[in-house]
Amino acid sequence: MSARQPRTLRISTPTDRPGQVVELDGVDISRALIGLSLTIKGGEMPTVTLDVIAEALPTQLDEVRAYLPDATKELLVRLGWTPPVEEATDAVH
């Protein structure tokens, strides 16, 4: 598993239309987003949770890691999903 590389997330408000533009590493992912949450805990790195429609993500994004909440993993495993090998030990059975 490779070390996690820092990502750049930019949120801006265009002047010519309503809504926001959300860019991840310079790639506009706005059309793929259905939600975004920012969690800041003292002494820890901030975490951004992006709720996306995966098939709408631009193909220019390489090596994007997806993190699923434990409840989602548990549900998917119960439905027959097999998590990737590197996450298999973290999945709830």
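Rules used in this analysis
Residues numbered from 1 in each chain as written. Predicted model: local features only at pLDDT ≥ 70, side-chain atom pairs only at ≥ 80, totals over all residues. Heavy atoms only, no water. Pairing = 2+ DSSP bridges. Helix = DSSP H or I, 4+ residues; strand = E, 2+ residues; numbered from the N terminus. Buried < 20%, exposed > 50% of the residue type's maximum accessible area, 1.4 Å probe, protein only. Patch = residues over 30% accessible without salt bridge, like charges linked within 9 Å, V, L, I, M, F, W, Y side chains within 5 Å. Areas by Shrake-Rupley, 256 points an atom, 1.4 Å probe, with all protein chains shown as cover. Salt bridge = Lys/Arg side-chain N within 4 Å of Asp/Glu carboxyl O.

Side note on the sheet that holds strand S3 (residues 27–28)
Here comes step 1: Taken together, the 3 strands give an open sheet; going across it, the order is S1-S2-S3, and neighbouring strands pair in antiparallel fashion. Of all strands in the sheet, those with a lone pairing partner are strand S1 (9–12) and S3, marking the two edges.
Here comes step 2: Taken together, the 2 bridges between strand S2 (residues 21–24) and S3 define a ladder with antiparallel strand orientation. Residue pairing for S3: Glu 23 is matched across the bridge by Asp 28.

Overview of unusual backbone geometry
Here comes step 1: Phi angles above zero are rare outside glycine, and Asp 25 is one such case at about 50°.
Here comes step 2: Within the secondary structure, Asp 25 is located in the loop between S2 and S3.
Here comes step 3: The exposure class of Asp 25 is partly exposed, given its relative accessible area of 33%.

Quick word on a nonpolar patch on the surface
Here comes step 1: There is a patch of nonpolar side chains on the surface, built from Leu 9, Ile 11, Leu 36, Leu 38, Ile 40 and Val 48 and spanning about 520 Å² of accessible area.
Here comes step 2: Within the residue set of the nonpolar patch, elements represented by two or more residues are S1 and strand S4 (33–39).
Here comes step 3: Topologically, Leu 9 is positioned in strand S1.
Here comes step 4: Take Leu 9: its relative accessible area is 31%, and that puts it in the partly exposed class.

Description of the pattern of salt bridges
Here comes step 1: Throughout the structure, instances matching the rule amount to 2 salt bridges.
Here comes step 2: A salt bridge links Arg 10 to Glu 23, with the shortest nitrogen-to-oxygen separation between them at 3.2 Å. With a gap of 13 residues between them, Arg 10 in strand S1 and Glu 23 in strand S2 connect regions that are remote in the sequence.
Here comes step 3: Among the ionic pairs, Arg 78 bridges to Glu 74, the shortest N-O distance being 2.6 Å. Residue Arg 78 and its partner Glu 74 are both found in helix H1 (residues 70–78); the two are separated by 4 residues, about one turn of the helix.
Here comes step 4: Take Arg 78: its relative accessible area is 64%, and that puts it in the exposed class.
Here comes step 5: For Glu 74, a relative accessible area of 27% puts it in the partly exposed group.

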